[in-house]
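Chain by chain, the residues:
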Amino acid sequence: MVENYYRELVCFLNARLGNRQAAEDVVHDAYVRVLERASDTPIEQPRAFLYRTALNLVIDGHRRNTLRQVESLDVLDSEERFFTPSPHTSLDHGQRLDMLRRALAELPPLCRESFLLRKLEGLSHPQIAERLGISRALVEKHIVNAMKHCRVRVRQWDAP
């Protein structure tokens, strides 16, 4: 399964990006993308698929950063000023947050806490491991399991 490649992929991206935190963020996003993919077709080469997804995210991020550096601040201000979510979108967002809260409540305490410390407080894996008194490998496993659990539960609750 794709969880086995987490540390390897972080090291790979860290060597290319020169920033461990950025590498971990990209790997998290790659895992979310892979776990949320709509296809029920099994991935034939999970390692290659995960690496390709992560590299695509790095390329996309680089393109976005390059574009943002060229845009003037006036354009960015006007984008935000004219964006107002519809009430339906806000309700859907609120419902999804509620589903996420319920899914997180189903997790074992250390799994939930690892996920929240990473996603809400932005702590690194070593910081989380130190705070919770567990190994870094266990922190990584908890975070991936939490993401997978939340994805599955939200899909179940969201199904018509």
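Note: the structure precedes this text.
Note that the structure is a prediction, hence the values are computed from the model and not measured.

**Student:** Looking at this model, I keep getting lost on the overall build of the protein chain. Mind explaining?
**Tutor:** A count of helices and strands for the protein chain gives 8 helices and 0 strands. For the protein chain, the succession of helices and strands along the chain, N to C, is α-α-α-α-α-α-α-α. Restricting to contacts in the protein chain with at least 6 residues of sequence separation, those with at least 24 account for 62%. With an accessible surface of roughly 10,500 Å², the protein chain has 55% of that area assigned to carbon and sulfur atoms.

**Student:** What is the right way to read the packing of helix 1 (residues 6-17) against helix 2 (residues 20-36) from this model?
**Tutor:** One can describe the packing of helix 1 onto helix 2 by two numbers: an axis separation of 8 Å at closest approach and a directional angle of 130 degrees. The angle between the axes of helix 1 and helix 2 places the two elements in the oblique class. In the packing of helix 1 onto helix 2, the handedness of the crossing is right-handed. The segment helix 1 lies against helix 2, with Tyr6, Leu9, Val10, Cys11, Leu13, Asn14 and Leu17 engaging Arg20, Ala22, Ala23, Glu24, Val26, Val27, His28 and Tyr31. Of the residues contributing to the contact of helix 1 with helix 2, the split by class is 11 nonpolar, 2 polar and 2 charged.

**Student:** Please clarify how the pattern of salt bridges should be interpreted in this entry.
**Tutor:** Here the structure, examined in full by the defined rule, presents 7 salt bridges. Across the salt bridge formed by Asp25 and Arg118, the nearest N and O atoms sit 2.3 Å from each other. Pair noted here: Asp25 is in helix 2 and Arg118 is in helix 6 (residues 109-119), with a separation of 93 residues, a long-range link. Among the ionic pairs, Glu106 bridges to Arg153, the shortest N-O distance being 2.9 Å. Linking Glu106 in the loop between helix 5 (87-105) and helix 6 with Arg153 in helix 8 (residues 136-158), this pair joins segments that are 47 residues apart in sequence. Taking the relative accessible area as the measure of exposure, Glu106 reaches 39% and is therefore partly exposed.

**Student:** Can you help me understand the nonpolar core in this one?
**Tutor:** One broad trend across soluble globular proteins is that nonpolar side chains are buried collectively. Counting residues in hydrophobic clusters, the biggest one holds 25 residues, and the most contacted among them are Leu9, Leu13, Val27, Tyr31 and Leu50. Top contributing element to this core by residue count: helix 2, with 7 residues. Counting only domains with at least three residues in this core, you end up with domain 1 (1-68) and domain 2 (107-159). Counting residues in each nonpolar core, the second largest holds 7 residues, with Leu117, Ile128, Ala129 and Ile134 among its members.

**Student:** Explain the packing of helix 7 (residues 125-132) against helix 8 to me, please; I cannot follow it from the model alone.
**Tutor:** Geometry of a packed helix pair, given as the angle between the helix axes and the separation of the axes. Running from N to C, helix 7 and helix 8 cross one another at 105 degrees; their axes reach a closest spacing of 8 Å. Judged by the inter-axis angle, helix 7 sits roughly perpendicular to helix 8. Along the contact surface, helix 7 presents His125, Pro126, Ile128 and Ala129, while helix 8 presents Arg136, Val139, Glu140 and Ile143. In terms of residue class, the contact of helix 7 with helix 8 is built from 5 nonpolar, 1 polar and 2 charged.

Thresholds applied
Along each chain, residues carry numbers from 1 onward, in the same order as the chain's sequence is written. Two thresholds apply to this predicted model, a pLDDT of at least 70 for residue-level local features and 80 or more for giving and counting side-chain atom pairs, whereas whole-chain, interface and lining totals are computed over all residues. For side-chain calculations, the full set of non-hydrogen atoms in the structure is used, while hydrogens and water are omitted. Secondary structure counts use DSSP, requiring at least four H or I residues in a row for a helix and at least two E residues in a row for a strand, with both numbered from the N terminus. Note on contacts: a residue pair is in contact if any heavy atoms of the two residues lie within 4.5 Å. Residue exposure ignores everything except the shown protein chains as possible cover, and the areas themselves are Shrake-Rupley values with a 1.4 Å probe. As a rule, the C-alpha atoms of each element are fitted with a line to give its axis, helices using only the stretch in contact, and angles between N-to-C directions run from 0 to 180 degrees. Working definition: roughly parallel below 35 degrees, roughly antiparallel above 145 degrees, roughly perpendicular at 65 to 115 degrees, and oblique for all remaining angles. Here is the rule for handedness: rotate from the far helix to the near one, and if that takes an anticlockwise turn smaller than a right angle the crossing is left-handed, while a clockwise turn gives right-handed. Only Asp, Glu, Lys and Arg are considered charged, only Ala, Val, Leu, Ile, Met, Phe, Trp, Tyr, Cys and Pro nonpolar, and every remaining residue, Gly among them, polar. Within this document, salt bridges are pairs made up of a side-chain nitrogen of Lys or Arg and a carboxyl oxygen of Asp or Glu, the two lying within 4 Å of each other. Exposure is judged per residue with a 1.4 Å probe applied to protein chains only, and the accessible area is read against the type maximum: over 50% gives exposed, under 20% gives buried, and values in between give partly exposed. For the purposes of this section, nonpolar cores are sets of buried Ala, Val, Leu, Ile, Met, Phe, Trp, Tyr and Cys residues that join through side-chain atoms within 4.5 Å. Residue ranges for the domains originate in an automatic or database domain assignment.

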